[in-house]
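A closer look at the structure
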Amino acid sequence: MVSKERRRLFNWRTGAVLFASATVLGTGLGAMTASSVQAQVRSYTPRFKVQARGRTTIFGNAVTTCSTTIAGSSGQPSCDTARNATVTPATANNFYFMEYVDIDGDGSTFNSSSSTYTFPTAHAGFNIIWAGLYWTGDTSAGGFSGSAAPNAALRNRMSLKVPGVAGYQTITASQVDTSGNRYSAFADVTTLVKQGSGTGEYFGANIQTGTGGDRYGGWVLIVAYADDTEVMRSMTIFDGYQAINSGSPQSFTISGFLTPESGPFEAAMGAFSSEGDVFYQPDQFLINGQVVSDATNPSNNFFNSSNSLYGQGITTGTTITTPGGRR
Ligand SMILES: [Ca+2]
Ligand SMILES: [Ca+2]
Ligand SMILES: [Ca+2]
């Protein structure tokens with residue numbers, strides 16, 4: 001996720017927040033063979049929009065990581081080094097045996113990861129307005145003798161456990177987009193998230209994806225919530241599924257979100273994408289020709305496998321708190 005903001009200079013109480021949430025399938029230059037993707041699967045359209053005093057946020061985690069025991073390509077940095085993404089030049093999942101993360105101690109899930117989020121639940125007017133769950137994977141077997149997903153036919157399902165509600169719930173997608181063996185799925189989970197406590201540890205599990213070289217999987221929750229201490233915002237979640245590849249940049253038009261009639265305003269955006277290797281660059285994300293970047297998503301390598309919020313990296317065990325004072 002990446003954000004971009006401008007400081008407000010005046011007392012405008014109206015802000016505009018754009019959350020272009022979507023799966024951008026692809027990598028940087030030369031990362032994939034042209035035959036492995038289609039140029040465009042589904043264009044971006046609004047999934048949800050609301051005007052409210054509040055905020056939209058995004059958090060989630062991956063369910064695959066490099067193996068420390070099964071070898072990939074020779075000559076690469078260690079898996080631990082690769083995870084830290086501090087090595088130069090950076091590396092990619094292409095060169096490692098990617099295996100499942102499974103942290104929940106629950107034998108009913110073959111992969112699982114969590115994300116702990118702190119909502120401002122004590123604020124006046126706090127209320128979950130909308131919650132969408134997105135997940136992604138590649139159901140085929142990866143390199144280095146990896147395995148295919150346990151059951152590719154169930155890629156339209158995953159398990160979600162929210163704080164304050166006991167046990168996993170099976171979530172079935174209302175939208176599945178595919179490109180070969182790669183896919184992205186969406187489900188509206190507003191009812192479930194509203195049943196929970198809001199703040200706490202969320203678990204995503206049983207995401208159908210393969211293991212081995214160049215395999216990936218992950219999930220993200222996008223939540224719009226009301227908070228009377230926030231400015232009025234126009235919040236829109238778009239989704240779609242498109243491949244970005246060498247020589248095939250994608251552009252799309254977004255519309256339907258509001259800005260103040262006059263005066264300064266600020267905007268923030270977030271994105272959920274897959275196969276954005278940090279190794280492959282340059283790649284960019286632009287809005288109206290303006291390159292989007294922050295401390296964790298450089299202007300020349302936006303799709304870099306980072307998990308962050310407002311430029312702050314999120315690692316395993318990080319508790320994510322809605323940024324205070326963000327306008
Ligand atoms: Ca498990
Ligand atoms: Ca890759
Ligand atoms: Ca990249």
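Residues numbered from 1 in each chain as written. Chains lettered and ligands numbered in written order. Predicted model: local features only at pLDDT ≥ 70, side-chain atom pairs only at ≥ 80, totals over all residues.

1. As for the overall build of the chain
Counting secondary structure elements, the chain contains 2 helices and 19 strands. Counting over 327 residues, the chain shows a buried share of 48%. Long-range contacts, defined here as pairs at least 24 residues apart, represent 79% of the contacts in the chain between residues at least 6 apart. (Helix = DSSP H or I, 4+ residues; strand = E, 2+ residues; numbered from the N terminus. Buried ≥ 20, exposed ≤ 12 C-beta atoms within 10 Å, placed from the backbone. Contact = placed C-beta atoms within 7 Å.)

2. Structural notes on the nonpolar core
If you look at the biggest cluster of nonpolar residues, it comprises 48 residues, and the most contacted ones within it are L133, Y134, V220 and L221. Looking at this core, the elements with two or more residues in it are β3 (40–62), β7 (127–138), β8 (157–161), β11 (182–188), β12 (200–205), β13 (217–226) and β14 (232–244). If you tally residues by element for this core, the top one is β13, at 7 residues. Those residues in contact with V220 that lie beyond four places of it in its chain are I58, F59, G60, Y134 and F272. Counting residues in each nonpolar core, the second largest holds 12 residues, with C79, A92, Y216 and Y280 among its members. (Core = buried A, V, L, I, M, F, W, Y, C linked by C-beta atoms within 7 Å.)

3. Topic: unusual backbone geometry
Most peptide bonds adopt trans geometry, and most residues besides glycine take a negative phi value. Cis peptide bonds are those with omega within 30 degrees of zero, and the linkage from Q281 to P282 qualifies with 5°. Structurally, P282 can be placed in the loop between β14 and β15 (286–287). Here F144, not a glycine, exhibits a phi torsion of approximately 60°, which is positive. Position of F144 among the secondary structure elements: in the loop between β7 and β8. For F144, a count of 19 C-beta atoms within 10 Å gives the class partly exposed. Despite not being glycine, Y310 shows a phi value in the positive range, around 50°. Here Y310 shows up in the loop between β17 (308–309) and β18 (312–313).

4. Observations regarding the confidence of the model for the chain
For the chain, per-residue confidence averages 82 on the pLDDT scale, and 83% of positions sit at 70 or higher. The low-confidence segment residues 1–39, where pLDDT is below 50, has 148 contacts with residues more than four positions distant or belonging to other chains. (pLDDT = per-residue confidence, 0-100.)

5. A look at the pairing of β8
Most of β8 sits out of view: 4 of its 5 residues are buried. In the sheet, β8 pairs with strand β9 (residues 169–172) via 4 bridges, with the strands oriented antiparallel. Its bridge partner being in β9, R157 is matched across the sheet by T172. Here β8 pairs with β12 via 3 bridges, running antiparallel. Looking across to β12, one finds that L160 is bridged to G204. (Pairing = 2+ DSSP bridges.)

6. Quick look at the environment of S73
Looking at the element boundaries, S73 is found in the loop between β4 (64–66) and α1 (79–84). We classify S73 as partly exposed; it has 14 C-beta atoms within 10 Å.

7. Side note on the environment of V41
Following the sequence through the fold, V41 ends up in strand β3. For V41, a count of 18 C-beta atoms within 10 Å gives the class partly exposed. For V41, the contacting residues outside a window of four places in its chain are D177, S179, Y241 and Q242.

8. Some details on the environment of T136
Mapped onto the fold, T136 is located in strand β7. Sequence separation between T136 and T178 is 42 residues, and the spatial gap between their C-alpha atoms is 9.7 Å.

9. A short note on the pairing of β12
Where strand β6 (residues 112–118) meets β12, 6 bridges bridge the pair, whose relative direction is antiparallel. Of the residues in β12, the one forming a bridge with S115 is Y202.

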